Amino acid sequence: MNEKENSKVNNSEILFIYDAQFCNPNGDPDEENRPRMDSEREINLVSDLRLKRYIRDYLYEKGYDIFVRKVDDKPVTAEKRMGEFNNSKEEEILDKLIDVRLFGATMPVRGNNRAYIGPVQFNWGYSLNKVELLEASITSQFATSENTQQGTIGKDFRVKYSLIAFFGVVSGRRAEKTKLKNEDLKLLDEAMVKAIPLQATRSKIGQYPRLYMRVEYTDSETVLGDFRDLIKLEEKVESIRDIKECALDISELVETLNKNKEKINKIYYFVDKNLELKVNGEIKTLKDALKDLGDGKLEEIR
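Residues numbered from 1 in each chain as written. Predicted model: local features only at pLDDT ≥ 70, side-chain atom pairs only at ≥ 80, totals over all residues. Heavy atoms only, no water.

- As annotated in an unreviewed UniProt entry, the chain carries the name Csh crispr-associated protein, Csh2 family and is attributed to Thermosipho africanus.

**Things to note about the sheet that holds strand E14 (residues 246-249)**
Thought 1: Here four strands make up an open sheet; going across it, the order is E13-E14-E16-E17 and the pairing mixed. The open sheet is flanked by strand E13 (232-235) and strand E17 (282-283), the only strands paired with a single partner.
Thought 2: Of the strand pairs in this sheet, E13 and E14 are connected by four bridges, and their pairing is antiparallel. When the sheet's bridge partners are listed, Leu233 is paired in E14 with Leu248. (Pairing = 2+ DSSP bridges. Helix = DSSP H or I, 4+ residues; strand = E, 2+ residues; numbered from the N terminus.)

**Side note on the environment of Glu132**
Thought 1: On the secondary structure map, Glu132 appears in the loop between strand E9 (125-127) and strand E10 (133-143).
Thought 2: For the pair Glu132 and Met37, spaced 95 residues apart in sequence, the C-alpha separation works out to 9.9 Å.
Thought 3: For Glu132, the contacting residues outside a window of four places in its chain are Arg158, Val159, Lys160, Ser239 and Arg241.
Thought 4: A polar contact is formed between the side chain of Glu132 and the side chain of Ser239, at a distance of 3.0 Å.
Thought 5: For Glu132, the side chain forms a polar contact with the side chain of Arg241, separated by 3.1 Å. (Contact = heavy atoms within 4.5 Å. Polar contact = N/O pair within 3.5 Å; in protein donor to acceptor, adjacent residues only side chain to side chain.)

What follows is the structure in structure tokens.
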């Protein structure tokens, strides 16, 4: 394989699962910042923008410049961000901004709005379990006025436990348009595994990645579909509150990947030691479950 072929980005599909314990994974500003919910089914929801924010912030803290960010801790327009690049050419701008290469953006380049559709896209995440909300009153240490001794009283909303699953795709064809590189995808893998715990705030602490898989194909044509349809949550107790109180059945996912192993170049993966995986009723490691894919097709993210 020559250097050009080695650098070519092919299609990938992503399964990402993390959990949230007594925190707020994604507040809804239209609902007093309550966790986003599908109330009819008691399912917790998380937007793709929330996930991308974690990734952008992680990459920025590692020293990579990103387009969608604040400047001096203040929101700015796209025009102002582009002003920082003066008369840089389009290719030079794409070379500098990893989040545009990954997720795309609408960028005013030399007076024209140039829209890049990002090769990396995610659905909204949803919980695999039914989720209960915890509502509490909180009191600020600051009084509402100098004449009032009592602090401000507000509401704090959290999920008791939510096991959240995302599905994502990487388009090889769109990767050509944004100059996405395989090195960028390796950084994406790293961010998916490390960003959420490192970006913890008061409302976000208590979230940990449990499973990540990026299935990289041998071409820019293969799409197998939403991996979340191929997994099942087994709850060991009636209402789970911890990752050790459940197991993940990946039998259908393993079967699908094995049937399409000729189309798979490599699987980049991370599995938390506390997540129990099952295949046809047996507890297995992901490495053992996918051993029929062949040598060299699994690469663990550390």
